Amino acid sequence: MSAVSAAQQPVAVIEGRDRPALTAWLLLGPCVLYLIAFSIYPLFYSLRLSFTDLTAATGTGNFVGLANYNTLLADPLFWNAAMNSAIMVTAAVALQVVLGVALALFFDLDLKGAWIVRGILLLPMLITPIVVGVMWRALLNPDWGMVDWTISAIGITPPDWLGSVGMAMVTLILVDTWQWTPFVFIIVFARLQGLPREIFEAAEVDGAGPIVKFRRVVLPMLMPAIVFAAVFRAVDAFRSFDLIYGLSYGGPARGTTTLAFFSFQNGFQFQNYGYAAAVAYSMLIIIAVGTTILLRYVQLRPGQAR
């Protein structure tokens, strides 16, 4: 009896040790399969695709090395899209950060009924971007849009929101700011609510006015949240496609064609799949380099910047 128990004991120990690992694999397995099927495989497939000349017309997909990237660097349409992306990201994120911080400071005053206004303020962020684009395209319609009708009713000639090159980019920036300023507001407001009030009281006792208190006390303590929100929004705005698709479709005269929309056009409209993949990977490189530089040299916590 004892010999049988001794023989069975190592098996039981091994089975006991393997059970947590087996459970972990059973739980993580679906997630791993999902990542492989919908993230890792498309990533490597599109990388291979960027080194081919695959188009819908030929269907061959011959290996051409860096030919797509060389064509890309010499393509004025690519550089126009890159410039549009830079303008949109810089202007939209700057506006969203300024307005988000201002809203956070305003609602920190704890005014009566502020919770209702905060709830309404978050609604644009909950709408799908393509729906936002179509909605604002209708509102800004020069013939029957509510915005132009309201402006005309007060005796002012409304601008050509989506009909002129310069104004179309301004409109895109304003619509993106309308939708995503609440995101910056949430991040900054949450950080502001978590700050110790004793520091503000000590600054007031020392005679610091509102401006000095904001510059020397509040802003440095809010900087981690501001940087996080700005980096997150910059990456998201850089790859924004659905808002442009619904609002302006890259026009007029490619005035709102960003890199994401340029890649879409080459892949799904012109069916030049290899070139579209090269544009998409150039975006990946730009995002990776930009975020690495920001996270390395921007101070998120005291003493963290290098």
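Please refer to the structure placed before this passage.
Quick summary incoming for the structure in this document. In this text the structure is predicted, and so the values were computed from the model without any measurement.

Here we come to the overall build of the chain. Counting its regular elements, the chain contains 12 helices and zero strands. In terms of C-alpha radius of gyration, the chain reaches 26 Å, well past the compact-globule figure of 19 Å for 306 residues. Along the three orthogonal principal directions, the C-alpha set of the chain runs to about 100 × 70 × 40 Å. The long-range share in the chain, meaning contacts at least 24 apart out of those at least 6 apart in sequence, stands at 65%. Summed over its atoms, the accessible surface of the chain is roughly 18,200 Å², and 71% of this surface lies on carbon and sulfur atoms. Both charge centroids of the chain, one from 17 positive and one from 16 negative side chains, sit 7 Å from each other.

Time to look at the packing of aromatic side chains. Under the definition given, this model contains 20 aromatic pairs. Between Tyr245 and Phe264, the ring centres sit 5.7 Å apart and the planes meet at 85°, which makes this aromatic pair edge-to-face. Of this pair, Tyr245 sits in helix 10 (residues 242-247) while Phe264 sits in helix 11 (residues 259-269), placing them 19 residues apart in sequence. On the accessibility criterion, Phe264 (18% relative accessible area) is buried. Ring plane angle 25° and centroid distance 5.7 Å describe the contact between Phe264 and Phe268, whose orientation is recorded as stacked.

Scanning the model with the defined rule gives four salt bridges in all. A salt bridge links Arg233 to Asp176; the shortest N-O distance between them is 2.9 Å. Here Arg233, found in helix 9 (residues 210-238), pairs with Asp176, found in helix 7 (residues 165-193); they are 57 residues apart in sequence, far enough to count as distant. Take Arg233 and Asp176: they sit in the same class, and that class is buried. Through salt bridges that share partners, Asp176, Arg233, Asp236 and Arg239 make up one connected network.

A few words on the environment of Leu122. Position of Leu122 among the secondary structure elements: in the loop between helix 4 (114-121) and helix 5 (129-139). For the pair Leu122 and Ser85, spaced 37 residues apart in sequence, the C-alpha to C-alpha distance is 25 Å. In this structure, Leu122 is in contact with Pro182, Phe185 and Ile186, ignoring residues within four places of it in sequence.

Definitions and limits used
Residues numbered from 1 in each chain as written. Predicted model: local features only at pLDDT ≥ 70, side-chain atom pairs only at ≥ 80, totals over all residues. Heavy atoms only, no water. Helix = DSSP H or I, 4+ residues; strand = E, 2+ residues; numbered from the N terminus. Rg over C-alpha atoms; globule rule 2.2 N^0.38 Å. Contact = heavy atoms within 4.5 Å. Areas by Shrake-Rupley, 256 points an atom, 1.4 Å probe, with all protein chains shown as cover. Lys, Arg positive; Asp, Glu negative; His and termini not counted. Charge placed at Lys NZ, Arg CZ, Asp CG, Glu CD. Phe/Tyr/Trp six-rings, centres within 6.5 Å; stacked < 30°, edge-to-face > 60°. Buried < 20%, exposed > 50% of the residue type's maximum accessible area, 1.4 Å probe, protein only. Salt bridge = Lys/Arg side-chain N within 4 Å of Asp/Glu carboxyl O.

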